[in-house]
Amino acid sequence: MALHKGKFMHFADDYCLAILIKAVCLKHKGEKQQAEECFLSIIQNYKDVQVDKYLIPSALYELALLYISADRLDEAEEALNRARQDYKGYSLESRIHFRLHAAYMKLTSYRDERAKNHRESQSNVSEDLNLL
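What you are looking at is a predicted structure, and each value in this text was computed from that prediction instead of being measured.

Trainee: What is the right way to look at the packing of aromatic side chains in this model?
Mentor: What describes a pair of aromatic rings is the distance from one ring centre to the other and the angle between the planes of the rings. A full pass over the atoms with the stated rule returns one aromatic pair. Note on Phe-11 and Tyr-15: the rings are 5.9 Å apart at their centroids and 20° apart in plane angle, and the pair reads as stacked. With a gap of four residues between them, Phe-11 and Tyr-15 both fall in helix H1 (residues 11-29), about one helical turn apart. Judged by its relative accessible area of 23%, Phe-11 falls in the partly exposed class. On the accessibility criterion, Tyr-15 (27% relative accessible area) is partly exposed.

Dropping the structure here:
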């Protein structure tokens, strides 16, 4: 979708910012499917954004958090990697990198917890089988 509207020089930037705000609000309201669609819309329009290049890695970061909360950890990691590796030299980069790092830590914690729970459930199954 080409986001150029007549005399508005940075229409795509403004549009994507509005969609980012909408998506974050939807995410916090629990409307996760709609939020995901908004984040993906921003990411798909990366070529049209002229000035506010931070919008794309910000959308990827928020999308990763959404995926983490939905236990879609591989997709979360992919979004975080794209945000960190594919975008450089934009305003607010260091701030977003701090947030990305925190999200990586959260992702690692979720994976560790999942592995621990899996090991415990396997142990419980083995104990149950031994009782038979």
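After presenting the structure, the write-up continues.
Trainee: Would you take a moment to explain the side chain of Asp-13 for this structure?
Mentor: In this structure, Asp-13 sits in helix H1. With no salt bridge to any partner, buried Asp-13 finds its closest opposite charge in Lys-53, at an N-O distance of 7.0 Å. Within the local environment of Asp-13, its side chain forms a polar contact with the backbone nitrogen of Gln-50, the two atoms lying 2.9 Å apart. Among residues more than four places away in sequence, those in contact with Asp-13 are Asp-48, Val-49, Gln-50, Val-51, Asp-52 and Leu-55.

Trainee: How should I be thinking about the confidence of the model for the chain in this particular structure?
Mentor: Detailed reading of the predicted model is not advised wherever pLDDT is low. Here the chain shows a mean pLDDT of 89. Residues at 70 or above account for 87%. At the low end of the mean pLDDT range in the chain sits helix H5 (residues 93-131), at 83; at the high end sits helix H2 (residues 32-44), at 98.

Trainee: How should the nonpolar core be read in this particular structure?
Mentor: If you look at soluble globular proteins, the nonpolar side chains tend to sit buried side by side. Core analysis: the largest hydrophobic core is formed by 35 residues, its most contacted members being Phe-39, Leu-60 and Leu-80. Counting only elements with at least two residues in this core, the list comes to H1, H2, helix H3 (55-69), helix H4 (73-85) and H5. Sorting elements by how many residues they give to this core places H3 first, with 11 residues. In contact with Leu-80, not counting residues within four places along its chain, are Ala-64, Leu-100, Ala-103, Tyr-104 and Leu-107.

Trainee: What exactly am I supposed to notice about the pattern of salt bridges here?
Mentor: Think of it this way: side chains of opposite charge can pair up when their charged atoms draw near. Throughout the structure, instances matching the rule amount to nine salt bridges. Residue Glu-31 pairs with Lys-29 through a salt bridge whose shortest N-O separation is 3.3 Å. One salt bridge connects Arg-111 with Asp-74, and the closest N-O pair in it is separated by 2.8 Å. Of this pair, Arg-111 sits in helix H5 while Asp-74 sits in helix H4, and the two are 37 residues apart along the sequence. Taking relative accessible area as the criterion, Arg-111 reaches 28% and is therefore assigned partly exposed. Of the residues examined, Asp-74 reaches a relative accessible area of 59% and is grouped as exposed. Here the residues in one salt-bridge network are Lys-27, Glu-62 and Arg-99, joined through shared partners.

Rules behind the numbers
- Residues numbered from 1 in each chain as written.
- Predicted model: local features only at pLDDT ≥ 70, side-chain atom pairs only at ≥ 80, totals over all residues.
- Heavy atoms only, no water.
- Phe/Tyr/Trp six-rings, centres within 6.5 Å; stacked < 30°, edge-to-face > 60°.
- Helix = DSSP H or I, 4+ residues; strand = E, 2+ residues; numbered from the N terminus.
- Buried < 20%, exposed > 50% of the residue type's maximum accessible area, 1.4 Å probe, protein only.
- Lys, Arg positive; Asp, Glu negative; His and termini not counted.
- Salt bridge = Lys/Arg side-chain N within 4 Å of Asp/Glu carboxyl O.
- Polar contact = N/O pair within 3.5 Å; in protein donor to acceptor, adjacent residues only side chain to side chain.
- Contact = heavy atoms within 4.5 Å.
- pLDDT = per-residue confidence, 0-100.
- Core = buried A, V, L, I, M, F, W, Y, C linked by side-chain atoms within 4.5 Å.

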